[in-house]
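If you want the building blocks of each chain, they are given just below.
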Amino acid sequence: MADQNNKNVDALAQEITLKSRGQGKLRQFILWMGALIIGAILGWQHIPALNELFNFIAAVFTRLFQFIAIPTVSLAVITTLSMLGAKKDTGRIFGHAVTYTLLTTICAAAVGLGLFLWIAPGNLPLDVIGAGVAQVPEKLGHVTYYDHFLSVIPNNILKPYLEGNVLSVMFISASVGLAFAFMPRTEGREAVLKVLFGLQELLFTLIKALLYVLPIGILAFAGQLSAQIEAGVIVGALGKYTAVVIGGNLIQFFIVIPLFLLFRGLNPVDVFRKMSPAVAVALFTKSSAATLPVTLASAEDNLKAHPAVARFVLPICTTINMNGCAAFILVTSLFVMQNAGIELTMGTMIAWLFIAVLAAIGNAGVPMGCYFLTLSLMSSIGAPIGLLGIILPIYTIIDMIETAENVWSDASVCAMVDHDLQGKLDDSSGDDMPQFQGA
């Protein structure tokens with residue numbers, strides 16, 4: 001029976017991996033890298049008319065990113081939290097899952113911060129960041145943490161959306177999502193939720209269209225930057241930045257998460273072996289959501305997790321347990337702010353650590369959500385966001401590692417929750433929960 005379950009899981013993993021490859025992931029990566037190289041070469045030629053065109057295209061794509069980011073993140077948070085219900089045992093399972101999610105995500109961000117301080121990525125040349133520094137509000141250094149916290153609490157529901165204040169937007173979205181979760185299941189509630197889910201599908205369609213033409217944007221960003229800087233400087237700075245992000249992900253994957261499992265009395269090698277089909281699929285698909293059917297099948301058939309735990313924890317963790325995203329948001333934000341001339345005191349970096357954790361939890365499985373969240377955060381404080389254009393192709397590589405790390409963390413949280421609640425759950429509590437088959 002165990003062999004049959006393993007064959008079923010492996011077959012499902014192979015099917016989803018092949019389907020993902022058929023969606024042009026490799027072609028997309030080649031296009032993005034090709035656009036980066038061609039753009040850099042063209043920008044290096046210092047052709048005035050071409051540089052003006054690159055500046056215009058880069059400005060258009062930056063505005064499109066800003067346009068799509070805030071509503072997409074807001075709807076994702078609302079719809080995710082609205083799915084929390086009051087089913088039997090849900091509160092107990094959710095409490096354990098959120099605790100482990102917070103702990104692992106904080107650790108991931110802390111590892112990223114530690115590597116950032118140790119490796120210390122350098123600044124880009126002043127002629128690149130000069131314009132951006134001028135955009136940083138002068139009062140930023142004089143704002144106290146009390147003022148900053150108070151500014152997150154909105155006194156107008158539209159103002160945060162109009163101003164692009166992503167923290168206030170997430171506060172509103174979380175409040176609305178939780179209100180949907182615990183209000184009575186009336187026809188009005190279902191009608192409003194149906195509209196919100198429809199709007200979310202519409203925004204995801206717009207994002208897919210944006211990603212389709214993104215090679216043009218990457219070409220422009222690369223041309224814009226290569227026209228202004230010396231290649232050796234940017235390669236060195238971005239190389240260290242990339243080392244911080246990827247190094248943090250690898251430490252979280254191979255050291256931190258296994259230590260969590262050991263602390264709860266679980267064998268990390270055994271858990272990884274049983275959940276390895278899901279981790280492998282995540283690496284190739286770069287999507288926790290697309291991997292979810294394999295993650296669920298591996299948890300129930302191989303890990304033998306209680307159905308009530310697996311079918312509740314894993315879908316929730318797919319949207320809120322973003323270890324890799326937290327590290328990316330923190331390290332990228334610090335890198336951009338540093339290049340903008342913003343003073344990074346230890347207090348500031350610790351504050352941004354928790355902002356990154358909350359933002360990652362609010363990411364909620366949005367396509368390119370980590371990138372959009374970082375862009376929104378940097379835009380809301382007036383930091384230069386043109387630098388994020390050159391990070392796009394690098395993010396494509398990072399995304400593979402981050403997704404595998406996120407799924408490995410999801411699986412580990414599921415294993416720990418199942419271990420903690422063993423023998424404490426009603427055996428029938430998973431019978432009315434949805435079954436997840438293929439993607």
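Everything here concerns the structure above.
So, here's what we can say about the structure.

Basis of the calculations
Residues numbered from 1 in each chain as written. Predicted model: local features only at pLDDT ≥ 70, side-chain atom pairs only at ≥ 80, totals over all residues. Heavy atoms only, no water. Helix = DSSP H or I, 4+ residues; strand = E, 2+ residues; numbered from the N terminus. Buried < 20%, exposed > 50% of the residue type's maximum accessible area, 1.4 Å probe, protein only. Contact = heavy atoms within 4.5 Å. Areas by Shrake-Rupley, 256 points an atom, 1.4 Å probe, with all protein chains shown as cover. Core = buried A, V, L, I, M, F, W, Y, C linked by side-chain atoms within 4.5 Å. Polar contact = N/O pair within 3.5 Å; in protein donor to acceptor, adjacent residues only side chain to side chain. Patch = residues over 30% accessible without salt bridge, like charges linked within 9 Å, V, L, I, M, F, W, Y side chains within 5 Å. Salt bridge = Lys/Arg side-chain N within 4 Å of Asp/Glu carboxyl O. Phe/Tyr/Trp six-rings, centres within 6.5 Å; stacked < 30°, edge-to-face > 60°. Axes fitted to C-alpha atoms, helices over the stretch in contact; angles between N-to-C directions. Parallel < 35°, antiparallel > 145°, perpendicular 65-115°, else oblique. Left-handed = near helix turned anticlockwise from the far one by under 90°. Nonpolar A, V, L, I, M, F, W, Y, C, P; charged D, E, K, R; others polar.

### Digging into the overall build of the protein
Then step 1. Secondary structure assignment for the protein yields 18 helices and zero strands.
Then step 2. For the protein, buried positions account for 53% of its 439 residues.
Then step 3. For the protein, contacts bridging at least 24 residues in sequence account for 86% of all contacts bridging at least 6.
Then step 4. In the form shown here, the protein has an accessible surface area of approximately 19,800 Å², with 67% of it arising from carbon and sulfur atoms.

### Some details on the nonpolar core
Then step 1. Core analysis: the biggest nonpolar cluster contains 69 residues, and Y241, I329, L330, W352 and M378 have the highest contact counts within it.
Then step 2. Of the residues forming this core, the biggest block, ten residues, is contributed by helix 15 (residues 323–339).
Then step 3. Core analysis: the next-biggest nonpolar cluster, separate from the first, contains 36 residues, F260, M275, V279 and V417 among them.

### Details of the side chain of S409
Then step 1. Position of S409 relative to the elements: it lies in helix 18 (residues 387–420).
Then step 2. For S409, a relative accessible area of 1% puts it in the buried group.
Then step 3. With sequence-adjacent residues up to four places away left out, S409 is seen in contact with T104, I257, N321 and N323.

### Topic: the environment of S376
Then step 1. Assignment of secondary structure puts S376 in helix 17 (residues 369–380).
Then step 2. Considered as a pair, S376 and F65 are 311 residues apart in the sequence and their alpha carbons are 8.7 Å apart.

### A short note on the side chain of N321
Then step 1. Residue placement: N321 occurs in the loop between helix 14 (307–320) and helix 15.
Then step 2. A distance of 2.9 Å separates the side chain of N321 from the side chain of D410, its partner in a polar contact.
Then step 3. For N321, the contacting residues outside a window of four places in its chain are T101, T104, T105, I316, N406, S409, D410 and V413.

### Here we look at a nonpolar patch on the surface
Then step 1. Taken together, the side chains of F67, V195, L199, L202 and L206 define a hydrophobic patch exposed on the protein surface, amounting to about 480 Å² of accessible area.
Then step 2. It is helix 9 (residues 187–212) that provides the largest number of residues to the nonpolar patch, a total of four residues.
Then step 3. Looking at the secondary structure, you find L199 in helix 9.

### Some thoughts on the packing of aromatic side chains
Then step 1. In the structure shown here, the tally under the stated rule is six aromatic pairs.
Then step 2. Ring plane angle 55° and centroid distance 4.8 Å describe the contact between F253 and F254, whose orientation is recorded as tilted.
Then step 3. Given the relative accessible area of 11%, F253 is considered buried.
Then step 4. An aromatic cluster is defined as three or more aromatic residues linked by ring pairs; in this entry it consists of F253, F254, F272 and W408.

### Notes on the packing of helix 15 against helix 16 (residues 346–361)
For any two helices packed against each other, one specifies the inter-axial angle together with the distance between the axes.
Then step 1. Two elements in contact, helix 15 and helix 16, have axes separated by 8 Å at closest approach and are oriented at 135°. Comparing the axis directions of helix 15 and helix 16 gives the class oblique. The element helix 15 and its partner helix 16 pack so that their crossing is right-handed. Residue-level inspection shows C325, A326, I329, L330, S333, L334 and M337 of helix 15 in contact with helix 16, the latter providing M349, W352, L353, A356, V357, A359 and A360.
Then step 2. Of the residues contributing to the contact of helix 15 with helix 16, the split by class is 13 nonpolar, one polar and no charged.

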